Amino acid sequence: MKKEYDVIVVGGGPAGSMAARFAAEQGVSVLMLEKDRDIGYPVRCGEAVSKAGIEEFIEPNEAFISATIDKFGMIAPDGTEVVLPLEQIGYMLERRVFDYELAKQASSRGVEILTRAYVNGLLFENEKVSGVKYEYKGEQHELKCKVLIAADGVESRVGRWAGIKTHIDFREMESCVQYTVSNIDVDPNTLLFYFGKDVAPEGYFWIFPKRNRSANIGLGVSGEIGKKKSAQTYLNTFMDKHYPDAPILTQIAGGVPSSITLEKISAPGIILVGDAARQVNPLSGGGIVSGMIGGKIGGTVVGEAIKKNDLNHILTYDKAWHDRLGKRHEIFERLKNGIYNFSDEKFNSIAHAFSKVPFEKRTLENIFKTALINKPSLLIDIAKVFIIK
Amino acid sequence: MGKRELMLLIEVLPNKCDFCGCCVGVCPEDAIELKEAEIKIDADLCTNCSKCVWSCPIEVLKFNKPQKKG
């Protein structure tokens, strides 16, 4: 290890690895610190991504792709099931392999990596972040850097220590539980979404298939719902009803910050990427690809700033992110607010109307239009996200 | 007793936590410390607002009603 790095990245998830990689590609020295003993484990994720999304970063490989997705299924509260073909192919990942591959990719560009390194404070010089304090195997250390990249996930404490307001409103935190179960009958190419107040109020319940008759089954609820009933209780009810004897391979909890991006994602000496910056798509809850995009933009900007010895350049990251995805997430946020508070009757009527549409004419855009026909302002938003890509 | 003269009323139930970070993300006071498999609430910072309790997906955190002084 060096005594000082150009860049230190806190967190070894997909956003952290991509930030580290793209900074290193600019020719600067990079160290990535991960608090857990393993990169990629424990997995806290539904694991669905779009093919195009990950292809920007890594060639799809069987080792980390568990299933190929070409259909979307909606199950209404009354049990009506509508399946539609997806225009864009998706994948189910094996995150524990995928994250490892991303970290290896970063290391091949010269990134150094240390696991079991728990960052618990920051160093400052002239009100600029200048390094980290961390605990490694019971001992406290300090390490300086020119720029710090906070990729510390849903907790997002590093940004707070730098004076950025990162804490998320409890109503926007989707608190999730998920089981990976085996030996069940599921279509291996369809993502299933259940809606309704009994299964997943103000959100959705998912069954995402993985290889060999296994699947990720879970849901998220906001803190507003969680006041009365926890995600775990909803999952137990569903499992008792549908899969009482399914073998459970993994149980996980996890939080999805389901909001628009933080108002500020850079400050002197520091930028935030991924969940830590709230770069999740608030409609789908998907954060892998968007976090990797945030990492790519952020890492590149940071690398450039150090190379041209102009650290103020890192402050251009905010705009670059907003132009690429941040503004789009604001549209998704409006759609989310327009859809997730629908009554059970409304979900049923959407499913009934849509089941009359011939399979080959069903598209995600159409189902959104059906759902939001009475909300003209949101119809414009749909046009923006589906037509203007 | 913390600096704020508040009794800590939020309890982390033993052996239940999955260390997922939901509570940390919603804590307005940065009062929760989360390591790989260790969670701690800082009594000096916690205001007992209970947002962490509502946001815990697996019912690890509990708000204990204050007991009357006898």
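This paragraph deals with the overall build of chain A. A tally of helices and strands in chain A yields 11 helices and 16 strands. Whereas a compact globule of 389 residues would reach a radius of gyration of roughly 21 Å, chain A reaches 21 Å, a difference of no more than 12%. A principal-axis box enclosing the C-alpha atoms of chain A has dimensions of 65 × 45 × 40 Å. Of all 389 residues assigned to chain A, the portion counted as buried reaches 58%. The long-range share in chain A, meaning contacts at least 24 apart out of those at least 6 apart in sequence, stands at 69%. Accessible surface, chain A: about 16300 Å² in total, of which carbon and sulfur atoms supply 49%. Charge-centre separation for chain A: the mean point of 49 positive side chains lies 2 Å from the mean point of 49 negative side chains.

Turning next to the domain arrangement of chain A. Residue and element names in this part refer to chain A. As assigned here, chain A comprises domain 1 (4-44 + 96-168 + 259-330), domain 2 (71-88 + 170-257) and domain 3 (336-386). Taking only C-alpha atoms, the centre of domain 1 and the centre of domain 2 are 30 Å apart. Opposite the 12 residues of domain 1 that make contact, domain 2 presents 11 residues. Between domain 1 and domain 2, a total of about 940 Å² is buried, with carbon and sulfur atoms accounting for 61% of that surface. Its largest share of buried area at the contact with domain 2, domain 1 owes to R44, V154 and I168, together 49% of the area lost on that side. If you look at where domain 1 meets domain 2, you find zero salt bridges. At the junction of domain 1 with domain 2, the criterion picks out four residue pairs in polar contact (both at pLDDT 80 or more).

Turning our eyes to something else, we now look at the interface of chain A and chain B. Listed as interface residues are 31 residues of chain A and, on the opposing side, 24 residues of chain B. A per-residue breakdown of the area chain A buries against chain B is headed by R157, R160 and F170 of chain A, which together make up 22% of the total. The tally of links between chain A and chain B comes to five salt bridges. Residue R157 of chain A is joined to D30 of chain B by a salt bridge in which the shortest nitrogen-to-oxygen separation is 2.8 Å. If you look at where chain A meets chain B, you find 17 residue pairs in polar contact (both at pLDDT 80 or more). Breaking the side of chain A that touches chain B down by element, the ones donating at least two residues are α4 (158-161), β10 (173-181), α5 (223-226), α6 (231-242) and β14 (248-257) of chain A. Residue contributions to the side of chain A that touches chain B peak at five residues, all from β14 of chain A. A class-by-class count of the residues in the side of chain A that touches chain B yields 11 nonpolar, 10 polar and 10 charged.

Another aspect to go through is the pattern of salt bridges. In this structure the tally under the stated criterion is 31 salt bridges over all chains. Of the charged contacts, one joins K35 of chain B and E135 of chain A as a salt bridge, the two residues approaching to 3.0 Å between their closest N and O atoms. Of this pair, K35 of chain B sits in strand β2 (residues 32-35) while E135 of chain A is found in strand β8 (residues 128-136), placing the two residues in two different chains. When its relative accessible area of 15% is taken as the criterion, K35 of chain B is described as buried. By relative accessible area, E135 of chain A is classed as partly exposed at 22%.

Our focus in this paragraph is the pairing of strand β2 (residues 30-33) of chain A. Residue and element names in this part refer to chain A. Here β2 shows no split at all, with V30 and M32 on one side and L31 and L33 on the other all buried. In terms of strand pairing, strand β1 (residues 4-10) meets β2 through four bridges, oriented parallel. Counted as the bridge partner of I8 is L31 from β2. In this region the chain leaves β1, passes through helix α1 (residues 14-24) and returns to the parallel neighbour β2; the handedness of that crossover is right-handed. Direction of pairing for β2 relative to strand β6 (residues 112-114): parallel, over a ladder of three bridges. The residue of β6 that forms the bridge with M32 is I113.

What counts, and where the lines are drawn
Residues numbered from 1 in each chain as written. Chains lettered and ligands numbered in written order. Predicted model: local features only at pLDDT ≥ 70, side-chain atom pairs only at ≥ 80, totals over all residues. Heavy atoms only, no water. Helix = DSSP H or I, 4+ residues; strand = E, 2+ residues; numbered from the N terminus. Rg over C-alpha atoms; globule rule 2.2 N^0.38 Å. Buried < 20%, exposed > 50% of the residue type's maximum accessible area, 1.4 Å probe, protein only. Contact = heavy atoms within 4.5 Å. Areas by Shrake-Rupley, 256 points an atom, 1.4 Å probe, with all protein chains shown as cover. Lys, Arg positive; Asp, Glu negative; His and termini not counted. Charge placed at Lys NZ, Arg CZ, Asp CG, Glu CD. Domains from an automatic or database assignment. Buried area = accessible area lost by both parts, 1.4 Å probe. Salt bridge = Lys/Arg side-chain N within 4 Å of Asp/Glu carboxyl O. Polar contact = N/O pair within 3.5 Å; in protein donor to acceptor, adjacent residues only side chain to side chain. Nonpolar A, V, L, I, M, F, W, Y, C, P; charged D, E, K, R; others polar. Pairing = 2+ DSSP bridges. Right-handed = clockwise from strand over helix to strand, strands pointing away.

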